[in-house]
Structures are given as C-alpha cells and as structure tokens.
Amino acid sequence: MKELALIDGDLITYPCSASAENDPLDIAISRANELLHRIIFETAAKEYQVFISGSGNFRYDIYPLYKANRLDKPRPVHLDAVREFLITEWKAELVNEIETDDRLGIEHNRHGLSSVLCSFDKDMLQLPGISIVTGK
C-alpha cells in the first residue's frame, strides 16, 4: 500500500467531459467523481493529491508551436465545470508554468516510493517506482 496517490487531474477532466458532450453536466461530474473514487480505492492510498493544468507553460517560450496540433481542436463543453468541480470538491491544485505531468514527477521524487503515480500519460513511465498507467 502506498501512502500518497498523485493524480493527473487533466486526464480525468478531459475524457469525462468529452464522454458527456451531449449529456447534462451532472453526467460529466458524476464520471469524474466516480473515476477519482475508483483510483483512490484501487491504490489503497491513505492520501491523495490531484493536479490540473493552470496557466502558462515554459515550453511555449522555447518553442511557440509546442502542441500546435491541438489548437484547432474544440474543448469539451463541460470541461471548465468539471475542472472547477475538481478544484472545489477534490481540492485539485492548479499547476502553472509547467505541465501537470512535470509536477507529478516533482512530487513523486519528493515523496519517494511512498507515492503512486495515477495517470495514463506515457511520460510517467520514465519515473522510478510504481505507476498506474492505463490506455485511453
């Protein structure tokens, strides 16, 4: 059992919002809530931290076309509301100037092997220890 589940909230907000694109907001929120509960249950962690993207990213200063392939993609209708739900109800922390997966790596290094990374971002596979990385 790990002490701390480090959860990539972006990989909860986007799919739960997108999957409820034609449904009422409460469906998207219910899916996000259920997924978070399932992650905590399956990790059996005593504590959790949820991180979601805030503003800025130093990578755009280095390479302005970073993730340019996403510019024309529409955002899910319920995305902002689901993000707000994670901030309000799950105390998700906004990550500014770096990516959420960068922050997860920083926190994982800080907490050592007492933490488990909860994400399906393949970048997490670079880090030592236990990661729960699942397909989309």
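None of the values given here were measured: they were computed from a predicted structure.

### A word on the packing of helix 2 (residues 25-43) against helix 4 (residues 79-89)
In a pair of packed helices, the angle between the axes and the distance between the axes together describe the arrangement.
Then comes step 1: Across the interface, helix 2 lies against helix 4 with an axial gap of 10 Å and an inter-helix angle of 40°. Between helix 2 and helix 4, the angle falls in the class oblique. Judged by the twist between their axes, the crossing of helix 2 over helix 4 is right-handed. Contacts from L25, A28, I29, A32, N33 and L36 of helix 2 reach helix 4 at A81, V82, F85 and L86.
Then comes step 2: Taken together, the residues of the contact of helix 2 with helix 4 sort by class into nine nonpolar, one polar and no charged.

### Considering the confidence of the model for the protein
Regions with low pLDDT should not have their predicted coordinates read in detail.
Then comes step 1: Within the protein, residue pLDDT values average 85, and 80% of them lie at 70 or more.
Then comes step 2: Mean pLDDT across the elements of the protein ranges from a minimum in strand 5 (residues 131-132), with 52, to a maximum in helix 4, with 98.

### Details of helix 2
Then comes step 1: End to end, helix 2 covers 27 Å across 19 residues, agreeing with the expected 27 Å (1.5 Å per residue, within 8%).
Then comes step 2: Taken residue by residue, helix 2 has A28, A32, L35, L36, I39, I40 and T43 as its buried positions. Summarising the axial view, the buried residues of helix 2 lie within an arc of 130°, below the 170-degree limit, and thus occupy one face. Residues of helix 2 that are exposed and point more than 90 degrees away from the buried face comprise D26, E34, F41 and E42.

### Section: unusual backbone geometry
Then comes step 1: We note that K91 has phi near 55°; this positive angle belongs to a residue other than glycine.
Then comes step 2: Here K91 lies in the loop between helix 4 and strand 3 (93-95).
Then comes step 3: The residue E97 is not glycine, and still its phi comes out positive at about 75°.
Then comes step 4: Mapped onto the fold, E97 is located in the loop between strand 3 and helix 5 (100-111).

### Looking at the pattern of salt bridges
Then comes step 1: The tally for this structure, following the rule as stated, stands at seven salt bridges.
Then comes step 2: A salt bridge links E3 to K46; the shortest N-O distance between them is 3.6 Å. One end of the pair, E3, is in the segment before strand 1 (4-8); the other, K46, is in the loop between helix 2 and strand 2 (47-53), and 43 residues separate them in sequence.
Then comes step 3: For E3, a relative accessible area of 35% puts it in the partly exposed group.
Then comes step 4: When its relative accessible area of 56% is taken as the criterion, K46 is described as exposed.
Then comes step 5: Across the pair E107 and R110 runs a salt bridge whose closest N-O atoms are separated by 3.4 Å. You can see E107 and its partner R110 sitting in helix 5, three residues apart, about one turn around the helix.
Then comes step 6: The class of E107 is buried, set by a relative accessible area of 4%.

The rules behind the values
- Residues numbered from 1 in each chain as written.
- Predicted model: local features only at pLDDT ≥ 70, side-chain atom pairs only at ≥ 80, totals over all residues.
- Heavy atoms only, no water.
- Axes fitted to C-alpha atoms, helices over the stretch in contact; angles between N-to-C directions.
- Helix = DSSP H or I, 4+ residues; strand = E, 2+ residues; numbered from the N terminus.
- Parallel < 35°, antiparallel > 145°, perpendicular 65-115°, else oblique.
- Left-handed = near helix turned anticlockwise from the far one by under 90°.
- Contact = heavy atoms within 4.5 Å.
- Nonpolar A, V, L, I, M, F, W, Y, C, P; charged D, E, K, R; others polar.
- pLDDT = per-residue confidence, 0-100.
- Expected span 1.5 Å × (residues − 1).
- Buried < 20%, exposed > 50% of the residue type's maximum accessible area, 1.4 Å probe, protein only.
- Arc of directions from axis to C-beta.
- Salt bridge = Lys/Arg side-chain N within 4 Å of Asp/Glu carboxyl O.

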